[in-house]
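Examining the three-dimensional arrangement
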Amino acid sequence: MDHRTPPGDIAPHIPADTYHRAQATGQPVVIVLNDTHPTGIPWHRVLIPFAIAGAVVAGGWGLVACLCLLLDAAAHTATVIAGAAGPIGIGGITLKVFSKK
């Protein structure tokens, strides 16, 4: 037979000598519990998920900003290279990408 602790708050353990003395004399045993459970919302349990979600959102916006910066740099690089190269020709077809005025 296995021993399982019942759910909920249970009384603290009574020392064996106090229990035997109470059984022998019929004297009652008084157990004093200090209720230290805070009332209201445990804020640390609420704030931690919000802090993690905020960090994820900030990281996502950072990734989007870096991607936009890289795409902008790539577009400028392609523009400079195409402007310096002049018309692009493959076989008999020539494509003038940028016109110089």
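In this report, the structure presented in the accompanying data block is examined. These figures come from a predicted structure and were not determined experimentally.

A closer look at the overall build of the protein chain
- What the protein chain contains, in helices and strands, is two helices and two strands.
- Carbon and sulfur atoms make up 68% of the accessible area of the protein chain, which totals about 9,600 Å².

Brief notes about the state of the cysteines
- Applying the stated criterion across every chain yields a total of zero disulfides.
- Free cysteine: Cys 66, not disulfide-bonded; nearest cysteine sulfur from Cys 68 at 9.4 Å.

A closer look at a nonpolar patch on the surface
- A cluster of nonpolar side chains, Ile 41, Trp 43 and Leu 47, forms an exposed patch at the surface whose accessible area comes to about 360 Å².
- Mapping Leu 47 onto the fold places it in helix 2 (residues 43–85).

Comments concerning helix 1 (residues 16–25)
- Of all ten residues making up helix 1, only one are buried, and the element is barely covered by its neighbours.
- Just downstream of helix 1, Gly 26 is the residue with a positive phi angle, here 80 degrees.

About the thresholds
- Residues numbered from 1 in each chain as written.
- Predicted model: local features only at pLDDT ≥ 70, side-chain atom pairs only at ≥ 80, totals over all residues.
- Heavy atoms only, no water.
- Helix = DSSP H or I, 4+ residues; strand = E, 2+ residues; numbered from the N terminus.
- Areas by Shrake-Rupley, 256 points an atom, 1.4 Å probe, with all protein chains shown as cover.
- Disulfide = S-S within 2.5 Å.
- Patch = residues over 30% accessible without salt bridge, like charges linked within 9 Å, V, L, I, M, F, W, Y side chains within 5 Å.
- Salt bridge = Lys/Arg side-chain N within 4 Å of Asp/Glu carboxyl O.
- Buried < 20%, exposed > 50% of the residue type's maximum accessible area, 1.4 Å probe, protein only.

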